[in-house]
Amino acid sequence: MKYSASIGTTIGSLSVMQTSLFILMLAMGLTITPTDVSRAIQQPSIIVLNILLCFGMMPVLAVPIASLLNLSPGHNAGLILLGSVSGGQASNLFAMLAGGDVALSVACTLSTTLLGTIAIPLLVKFFLNCIVVVDFIGVLKSVAQLVLLPLMLGLSLGKIKPSLVKRLESVCPCIGVLATLVLVAGGASNCSFASMGSSRIQYYTIILASYLLPIVGGVAAWVVSSLKFGGKGMKMEETSRRTLVVETLSKSPTLALVLAKKHFGENASAIPAAGMVSLAIIGAAVASIWAAFDPIEQYEYTENKDH
C-alpha cells in the first residue's frame, strides 16, 4: 500500500480511467464491422439469456458465497452489489481474445448497462432492503460518451479507411490490453484504500470473495451454454458460447464501487475495488486458456466442412 496514494491520484483518477475505457472501446470498434453488429442483433435469445444470467443468477450466487465466507454486513453488501451490477466493458476485450463474437459481446454489455438503471435498484432493494438511486440520464450519457462514441468512431473508420484498419488490426488487442492494465492498476490502488484497517484474514477473505463470484458464475454460464435449446435441440455456436461465459463472469466493478461508496460506506467498497483486479485476471486467464488450448479456428473449420 506504500504507493497506493500516488497511484490513486494518477492512474486511479476518474479522468485517466475514463480515457482508458474510451481507448479500450475504440480498439474494440476497430475490430468489428457493421455486418458483425447486424448479425449480433439477430441473436436476441442469447442477449436475453445473458440478461437473465447477469441480473438473475449472479446476485443469487453472491448470497451463499457471502454466507460461506461469513462476510461482515458491509462486505456482504459489497459482494451483492458486485453481483447485481451490469456487465463490464472489459468483457469485449476478453471475448475478442477468447475467439468469441465481439459484436455480440458489445450488444450484451450495452443491454445490461441500460437495463441496469432499472434492475440494480430493484435487486439492491430485494437483497439489501435499501433504496439505491441509479441516475438513468447520467448512465445513458456515460454509455454514449465512453462506449457508443468510440465504438462508432472505430466502425466509421473501418468503413472510410478499411486499408488503415486492416493494418491496425494486429495491434488492437495490444492496445486493449494496455488500456485494461491501466484500469486494473487504478482498481488495485482503490482496493488498497478500501481495505485499510482490515485484518489480514479479512483482507484475504475480501480477495477470495472477489474471485469466487466470477469463477462460480462463469462455470455456471459454461454449463448453461452447453445445453441444447429449442425444439430441434440446437446447440449454441462456439463463438456465442464463449461470449456468454465471458459476459457472465465480467461485471462492472467500477459501477459497484461507486454505488458502494455512495450508499454503504468504505467497508462495502472493498470487494468491488478488489473485483477491478480479480475480474481482469480471471477474464484474461479464461480468454488466454481458450485461445491457447482450444483455438476458435478449429470450430470454424469444422462448421465450414459440415456446410
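Residues numbered from 1 in each chain as written. Predicted model: local features only at pLDDT ≥ 70, side-chain atom pairs only at ≥ 80, totals over all residues. Heavy atoms only, no water.

How should I be thinking about unusual backbone geometry in this particular structure?
The phi torsion of most residues other than glycine is negative, and most of the peptide bonds are trans. Although it is not a glycine, N70 adopts a positive phi angle of roughly 55°. Turning to its location among the elements, N70 is positioned in the loop between α4 (44–68) and α5 (73–84). (Helix = DSSP H or I, 4+ residues; strand = E, 2+ residues; numbered from the N terminus.)

Sorry, what's going on with the environment of K166 here?
Within the secondary structure, K166 is located in helix α9 (residues 162–168). Measuring from C-alpha to C-alpha, the distance between K166 and T31 comes to 9.0 Å, with 135 residues separating the pair along the chain.

What's the story with a nonpolar patch on the surface in this structure? I'm lost.
A cluster of nonpolar residues, L97, V177, L178 and L181, forms a patch on the protein surface that exposes about 330 Å² of accessible area. Here the nonpolar patch gets 3 residues from one element, more than from any other, and that element is helix α10 (residues 172–195). Tracing the backbone shows V177 in helix α10. On the basis of relative accessible area, V177 is assigned to the partly exposed category, the value being 34%. (Patch = residues over 30% accessible without salt bridge, like charges linked within 9 Å, V, L, I, M, F, W, Y side chains within 5 Å. Areas by Shrake-Rupley, 256 points an atom, 1.4 Å probe, with all protein chains shown as cover. Salt bridge = Lys/Arg side-chain N within 4 Å of Asp/Glu carboxyl O. Buried < 20%, exposed > 50% of the residue type's maximum accessible area, 1.4 Å probe, protein only.)

Help me understand the side chain of Q43 in this model?
Tracing the sequence through the fold places Q43 in the loop between α3 (34–41) and α4. Here the side chain of Q43 touches S240 through a polar contact of 3.1 Å, side chain to side chain. Beyond its immediate sequence surroundings of up to four residues, Q43 is in contact with D101, L104 and S240. (Polar contact = N/O pair within 3.5 Å; in protein donor to acceptor, adjacent residues only side chain to side chain. Contact = heavy atoms within 4.5 Å.)

Can you help me understand the environment of S252 in this one?
Examined against the element boundaries, S252 turns out to sit in the loop between α12 (238–249) and α13 (253–263). Accessibility expressed as a relative area gives 12% for S252, which makes it buried. When the C-alpha positions of S252 and T109 are compared, they lie 9.7 Å apart, and in sequence the two are 143 residues distant. In this structure, S252 is in contact with V85, S86, G87 and G88, ignoring residues within four places of it in sequence.

When you look at the confidence of the model for the protein in this model, what are you seeing that I'm missing?
Any segment with low pLDDT has predicted coordinates that should not be analysed in fine detail. Taken residue by residue, the protein gives an average pLDDT of 81. The fraction at 70 or more is 82%. Low pLDDT, under 50, characterises residues 1–5; the predicted model gives this stretch 8 contacts beyond four residues in sequence or across chains. (pLDDT = per-residue confidence, 0-100.)

Sorry if this is basic, but what is going on with the side chain of T109 here?
Residue position: T109 is located in helix α7 (residues 102–128). Discounting residues that sit within four places of it in the chain, T109 has contacts with G87, G88, Q89, S91, N92 and E247.

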